[in-house]
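Architecture at a glance
Here is how the chains run, residue by residue.
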Amino acid sequence: MSIATALQDVQQQMREAAERAGRPASEVRLLLVTKTVAAERVRQAIAAGASELGENKVQEGRPKAAALAGEPVRWAMIGHLQSNKVKEMLDFASSLHSLDRLSLATALERRLQTLGRGLDVLIQVNTSGEASKYGLAPAELPAFLRSLTAFDALRPRGLMTLATFTADQTEVRRCFRLLRSLRDQARNDAPQGADLCELSMGMSGDFPAAIEEGATIVRVGQAVFGARPTPDSFYWPEGDTAAVPPA
Ligand SMILES: *Cc1c(COP(=O)(O)O)cnc(C)c1O
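Owing to the predicted nature of the structure, the values given are computational and were not obtained by experimental measurement.

Topic: the overall build of the protein chain
Of the regular secondary structure elements, the protein chain holds nine helices and eight strands. For a compact globule of 247 residues, the expected C-alpha radius of gyration is about 18 Å, and the protein chain comes in at 17 Å, within 12% of that figure. Principal-axis analysis of the C-alpha atoms gives the protein chain an extent of 50 × 40 × 40 Å. A total of 247 residues make up the protein chain; the buried ones form 49% of that total. Summarising the internal contacts of the protein chain: among those between residues at least 6 apart in sequence, 59% fall at separations of at least 24. A total of about 11200 Å² of accessible surface is found on the protein chain, and carbon and sulfur atoms cover 49% of it. A gap of 4 Å separates the mean positions of the 29 positive and 29 negative side-chain charges of the protein chain.

Here it is as structure tokens:
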């Protein structure tokens, strides 16, 4: 299947999931995850209409964004970010989906103040409870959001999560529902509540379910570009080799 066809197929599935949930399709955006995909193949996806792209590693995303300079796209950083990579991250990304600690907020704020710009951020929550996953524990979120009011350059826009890696759809949906209820609660209680619109959840294996549970951004790679040769370290810290969730 060509990249353009696969992209259209994903977009069709997104519309169908929105319809099942009684939501307008325009409420859900596709963030196309381009990690391990060469710039020339990403260019095909851009030609087919992709405009929001995501990378999980600065050392890969920054040169790829540079190779695709001039294309009408915006980049998001979606992976764990070390504070010493903030400067390079801001060279290419206009949003961050993986804000997960105050020390990172501090490093971001300092650099953004120097640059005189702001950054849209999503707060990553560990909804699965797995020790291998990054993100705040759900109970830590309210205090974290209050602390973020001290950082003028950071614009919290919502929450992000990775569901448990399992074929058990009940468990996957439990993660999505938890993120949604945390977002809804924060909307009412947090100082920046009115701005907390986004729910970044759902990947190739589970994005239709995520949309049914309220996702506003789905992060999809393999469903468009094909299976990655290497496993994702956040799923396989022990070096297991499957590249997609068991069906
Ligand atoms: C790789 C990745 C995705 C996309 O995963 P696919 O299986 O390619 O759809 C989504 N979110 C994060 C944080 C990722 O690292």
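Considerations on the site of the ligand
The immediate surroundings of the ligand are formed by 12 residues, with Lys-35, Ser-204, Arg-219, Gln-222 and Arg-228 found nearest. One of the side-chain nitrogen or oxygen atoms of Ser-204 is found 2.5 Å away from an oxygen atom of the ligand. Contacts to the ligand include Gly-221, whose backbone N or O atom sits 2.9 Å from an oxygen atom. Within the complex, 97% of the 390 Å² of free accessible area of the ligand lies under protein. For the shell around the ligand, the residue count by class is five nonpolar, four polar and three charged.

Some thoughts on the pattern of salt bridges
Applying the stated criterion across every chain, the model contains 20 salt bridges. Residue Asp-184 pairs with Arg-180 through a salt bridge whose shortest N-O separation is 3.8 Å. You can see Asp-184 and its partner Arg-180 sitting in helix α7 (residues 169-189), four residues apart, about one turn around the helix. The class of Asp-184 is partly exposed, set by a relative accessible area of 31%. Note that Arg-183 is salt-bridged to Asp-184, the shortest N-O span being 3.0 Å. With relative accessibility at 6%, the residue Arg-183 sits in the buried group. Beyond isolated ion pairs, a larger network of salt bridges with shared partners links Arg-20, Arg-173, Arg-177, Glu-212 and Glu-213.

Focus on the packing of aromatic side chains
Counted under the stated rule, the structure contains one aromatic pair. Ring geometry for Trp-75 versus Phe-92: centroids 6.4 Å apart, planes at 70 degrees, classification edge-to-face. A residue pair is termed long-range when its members are at least 10 positions apart, and Trp-75 in strand β3 (residues 74-77) and Phe-92 in helix α4 (residues 86-92) qualify at 17 residues. Since its relative accessible area comes to 6%, Trp-75 is described here as buried. According to the relative accessible area criterion, Phe-92 is buried, its value standing at 9%.

So, the environment of Asp-91
Residue position: Asp-91 is located in helix α4. With 97 residues separating them along the chain, Asp-91 and Asn-188 place their C-alpha atoms 34 Å apart. Here Arg-62 takes part through its side chain, which lies 2.7 Å from a polar atom of the side chain of Asp-91.

Thoughts on the confidence of the model for the protein chain
Any residue range with low pLDDT should be treated as having predicted coordinates unsuitable for detailed reading. Residues of the protein chain with pLDDT of at least 70 account for 94%, and the chain-wide mean is 94. Counting interchain partners and residues more than four positions distant, the pLDDT-below-50 stretch residues 236-247 has 17 contacts.

Brief notes about helix α2 (residues 39-47)
Count 3.6 residues to each turn of an α-helix, and residues three or four apart come out pointing the same way. Ala-39, Val-42, Ala-45 and Ile-46 are the residues of α2 that are buried. Seen end-on, α2 carries its buried residues on one side only, within an arc spanning 110 degrees. In the core, the buried residues of α2 are packed alongside α1 (3-20), β1 (29-33), β2 (52-55), α3 (58-67) and α9 (222-225). Of the residues one or two after α2, Gly-49 is the one with positive phi, at around 120 degrees.

Conventions adopted
- Residues numbered from 1 in each chain as written.
- Predicted model: local features only at pLDDT ≥ 70, side-chain atom pairs only at ≥ 80, totals over all residues.
- Heavy atoms only, no water.
- Helix = DSSP H or I, 4+ residues; strand = E, 2+ residues; numbered from the N terminus.
- Rg over C-alpha atoms; globule rule 2.2 N^0.38 Å.
- Buried < 20%, exposed > 50% of the residue type's maximum accessible area, 1.4 Å probe, protein only.
- Contact = heavy atoms within 4.5 Å.
- Areas by Shrake-Rupley, 256 points an atom, 1.4 Å probe, with all protein chains shown as cover.
- Lys, Arg positive; Asp, Glu negative; His and termini not counted.
- Charge placed at Lys NZ, Arg CZ, Asp CG, Glu CD.
- Near = heavy atom within 4 Å.
- Polar contact = N/O pair within 3.5 Å; in protein donor to acceptor, adjacent residues only side chain to side chain.
- Nonpolar A, V, L, I, M, F, W, Y, C, P; charged D, E, K, R; others polar.
- Salt bridge = Lys/Arg side-chain N within 4 Å of Asp/Glu carboxyl O.
- Phe/Tyr/Trp six-rings, centres within 6.5 Å; stacked < 30°, edge-to-face > 60°.
- pLDDT = per-residue confidence, 0-100.
- Arc of directions from axis to C-beta.

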